[in-house]
Amino acid sequence: GAETLLLAKSDVFSEPFAHLLKKAGANVTVSSDVPPAHLLSSFSLIVSAIGQAGSLRGEALHPNAVIIDISTNAVNGSTVGDLDKKTLQEGQWASP
């Protein structure tokens, strides 16, 4: 299964979501904080819902990472997620 990082501040969100991911065969790590880059790069799937704009940057992620950014943050009148999409590298994919 995919090495998966679930970033969430709420157990109400993270526990059932982690259960679904595990049931689908993923190896899931749950954290409320973004791990250091040397650990972050080991996850091929990241689901982020921590509410910290720009806390995920492409250069720190697995080369073929899939990022599902659930978070919404207001920055300078725009709505953005936790991922700084401008930093995505070739081979990485993000939603939305």
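Just above sits the structure.
Since this is a predicted model, take the numbers as computed values, not measurements.

Soluble globular proteins tend to pack their nonpolar side chains together in the buried interior. Counting 13 residues, the largest nonpolar core has L40, I46, L56, L61 and I67 as its most contacted members. Beyond its immediate sequence surroundings of up to four residues, L61 is in contact with L40, S41, I46, L56, I67, L83 and Q92. Counting seven residues, the second-largest nonpolar core is a separate cluster that includes L6, A18, A26 and V47.

So, on to the packing of aromatic side chains. What the rule picks out here adds up to one aromatic pair. A ring pair is formed by F13 and F17, whose centres lie 5.3 Å apart and whose planes are at 40°; its orientation type is tilted. Taken as a pair, F13 and F17 lie in helix α1 (residues 11-23) at a separation of four residues, close to a single helical turn. A relative accessible area of 27% places F13 in the partly exposed class.

If you trace the backbone, D69 turns up in strand β5 (residues 66-69). No salt bridge is formed by the buried D69; the nearest opposite charge belongs to K85, separated by 6.5 Å. In this structure the side chain of D69 is engaged in a polar contact, spanning 2.8 Å, whose partner is the backbone nitrogen of L83. Not counting the four nearest positions on each side in its chain, D69 is found in contact with S48, G81, D82, L83, S95 and P96.

This part takes up unusual backbone geometry. P96 follows S95 through a cis peptide bond whose omega is 0°. By the secondary structure assignment, P96 is in the segment after β9 (93-95). With a phi angle near 50°, N76 is a residue other than glycine that sits in the positive phi range. Along the chain, the position of N76 falls in the loop between β6 (73-75) and β7 (78-80).

The rules behind the values
- Residues numbered from 1 in each chain as written.
- Predicted model: local features only at pLDDT ≥ 70, side-chain atom pairs only at ≥ 80, totals over all residues.
- Heavy atoms only, no water.
- Core = buried A, V, L, I, M, F, W, Y, C linked by side-chain atoms within 4.5 Å.
- Buried < 20%, exposed > 50% of the residue type's maximum accessible area, 1.4 Å probe, protein only.
- Contact = heavy atoms within 4.5 Å.
- Phe/Tyr/Trp six-rings, centres within 6.5 Å; stacked < 30°, edge-to-face > 60°.
- Helix = DSSP H or I, 4+ residues; strand = E, 2+ residues; numbered from the N terminus.
- Lys, Arg positive; Asp, Glu negative; His and termini not counted.
- Salt bridge = Lys/Arg side-chain N within 4 Å of Asp/Glu carboxyl O.
- Polar contact = N/O pair within 3.5 Å; in protein donor to acceptor, adjacent residues only side chain to side chain.

None of this, on its own, says anything about what the molecule does.
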